[in-house]
Amino acid sequence: MPKDAASKMIQELAMIAHELRRPIETIAKSAELVNRAQAMSALKEEKLHEIMDGIITNCHRLSLLTHNIMEIANIENGNVKLIVEKLDLNIFLDELKEFLSLYEYVHNVKFVFKVSLKDPLMTCDFKKLERIILNFVSNAVKYSKNTNRRVTITVSDKDEYITFSVKDRGIGIEKKNIDKIFDKFYRIESFSTRQTEGCGLGLTIVKRFIEVLNGEISVTSEVGKGSEFTVKIPRVSKSRGTACKILELSRSYQMYKTSVDEIFADIQK
Ligand code: ADP
């Protein structure tokens, strides 16, 4: 292996280890604490729930991280498969609105949709398109202050392209960092001062998906004022495919949920 490739690989492994370390340590410490305290019958039920919640959150964090890493590996091995369908974008957007309305309440955010389509028909891998938009939306919420949050989603068409943009009034991104945010594991906040969840893989995956869909991405941002992520995708996908990794992902989560539900039903007997 060339020296450059080897050192890049070691650097990536170090970044993965860095991201894995904190949740693993939290889980290990929590389990040890429960073990010791229970041996001394010193654990209040309320505290036990709190520790268990922490363990569950960190397990989900690890699971998401490993899924994202596997997904990046698949993409880099040229293994991105597509399900291309023809759909009325109004149907796609209605589903998105419905999903985001649940998010509005939980995350204290107002979503505004501005849709102006001369022709709403599009041929695309809608799971990937959804993933792209949801990643922008979740970042728009994450990187905005908790008060007066507002995210505007604009959809328009011109000639053979559909343009989707997600605009926030959040913390913004410095010009010098805009290109870097698409790099693997890149996060502007340093590990010690981080206030938000995330591992810096979302936009890397999104960028690769946009490439697969033959689209283009652009970002405009002003520190303290907000950011806008815009993606332009051909109305008719040039790519064809059969299977989709995202379906496999949601299936594996479903299997995990079912097995937890089954074990729970069993211990209640
Ligand atoms: P993460 O899981 O860290 O959010 P992403 O790959 O989605 O990973 O984003 C990479 C980095 O880009 C984030 O850590 C954040 O610093 C910056 N970023 C992304 N979206 C926004 C946004 N809307 N406003 C401000 N910063 C953003």
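Please read all numbers here as calculations on a predicted model, not as lab measurements.

Engineer: Which parts of the structure should I look at to understand the overall build of the protein?
Structural biologist: What the protein contains, in helices and strands, is six helices and seven strands. Along the protein, helices (α) and strands (β) appear in the sequence α-α-β-α-β-β-α-β-β-α-β-β-α when read from the amino end. When the 269 residues of the protein are sorted by exposure, 18% land in the buried category. The contacts of the protein with a sequence gap of at least 6 include a subset with a gap of at least 24, amounting to 75%.

Engineer: Explain the pairing of strand β5 (residues 161–168) to me, please; I cannot follow it from the model alone.
Structural biologist: Within a regular strand, the side chains alternate between the two sheet faces. Here strand β4 (residues 149–158) pairs with β5 via eight bridges, running antiparallel. Residue Thr154 lies in a different strand from β5, and its bridge partner there is Ser165. Between β4 and the antiparallel strand that follows it, β5, lie two residues; Asp159 among them carries a positive phi value of about 50 degrees. Across seven bridges, the pairing between β5 and strand β7 (residues 226–234) is antiparallel. Across the sheet, Ile162 pairs through a bridge with Ile233, a residue of β7.

Engineer: What should I look at first to understand the environment of Lys145 in this one?
Structural biologist: By the secondary structure assignment, Lys145 is in the loop between α4 (126–142) and β4. By C-beta crowding, Lys145 is classed as exposed, having 9 other C-beta atoms within 10 Å. Counting along the chain gives 25 residues from Lys145 to Gly170, while the straight-line C-alpha distance between them is 6.3 Å.

Engineer: Which parts of the structure should I look at to understand unusual backbone geometry?
Structural biologist: Leaving glycine aside, a negative phi is the common case for residues, and trans is the common case for peptide bonds. A positive phi is found at Asn108, a non-glycine position, where the angle reads about 55 degrees. Positionally, Asn108 belongs in the loop between α3 (89–107) and β2 (109–116). A tally of 13 C-beta atoms within 10 Å means that Asn108 is categorised as partly exposed. Unusually for a residue other than glycine, Asn148 sits at a positive phi of about 55 degrees. Mapped onto the secondary structure, Asn148 falls in the loop between α4 and β4. The exposure class assigned to Asn148 is exposed, which follows from the 10 C-beta atoms found within 10 Å.

Engineer: Looking at this model, I keep getting lost on the sheet that holds β5. Mind explaining?
Structural biologist: Neighbouring strands of a sheet are bound in pairs by backbone hydrogen bonds; such pairs are parallel or else antiparallel. Read from one edge to the other, the open sheet built from five strands follows the order β2-β4-β5-β7-β6, with strand pairing classed as mixed. Each edge of the sheet is formed by a strand with only one pairing partner; in this case those strands are β2 and β6 (216–222). Across the sheet, the axes of successive neighbouring strands diverge by a mean angle of 15 degrees, strand direction being ignored. Packing of α3 onto the sheet brings it into contact with β2 and β4, and relative to β2 it is tilted by some 165 degrees. Running at roughly 15 degrees to β5, α4 makes contact with β2, β4, β5 and β7 of the sheet.

Engineer: Can you help me understand the nonpolar core in this one?
Structural biologist: The nonpolar side chains of soluble globular proteins are, as a tendency, buried together. In terms of nonpolar packing, the biggest core is built from 29 residues, with Ile132, Ile133, Phe136, Val137, Val151 and Val166 touching the most fellow members. It is α4 that provides the largest number of residues to this core, a total of eight residues. Excluding its chain neighbours within four sequence positions, the residues that come into contact with Phe136 are Val166 and Phe229.

Engineer: I tried to follow helix α5 (residues 202–212) on my own but got confused; where do I start?
Structural biologist: Because the α-helix completes a turn every 3.6 residues, residues three or four places apart line up on one side. Those residues of α5 that sit buried are Gly202, Leu203, Thr204, Ile205, Val206 and Phe209. Positioned one or two residues after α5, Asn214 has a phi angle of 60 degrees, which is positive.

Engineer: I tried to follow helix α2 (residues 45–76) on my own but got confused; where do I start?
Structural biologist: The first and last C-alpha atoms of α2 sit 46 Å apart over 32 residues, in line with the 46 Å expected at 1.5 Å per residue. Backbone geometry just after α2 places Gly78 at a positive phi near 75 degrees.

About the cut-offs
Residues numbered from 1 in each chain as written. Predicted model: local features only at pLDDT ≥ 70, side-chain atom pairs only at ≥ 80, totals over all residues. Helix = DSSP H or I, 4+ residues; strand = E, 2+ residues; numbered from the N terminus. Buried ≥ 20, exposed ≤ 12 C-beta atoms within 10 Å, placed from the backbone. Contact = placed C-beta atoms within 7 Å. Pairing = 2+ DSSP bridges. Axes fitted to C-alpha atoms, helices over the stretch in contact; angles between N-to-C directions. Core = buried A, V, L, I, M, F, W, Y, C linked by C-beta atoms within 7 Å. Expected span 1.5 Å × (residues − 1).

Everything listed here is a matter of geometry and, on its own, says nothing about what the molecule does.
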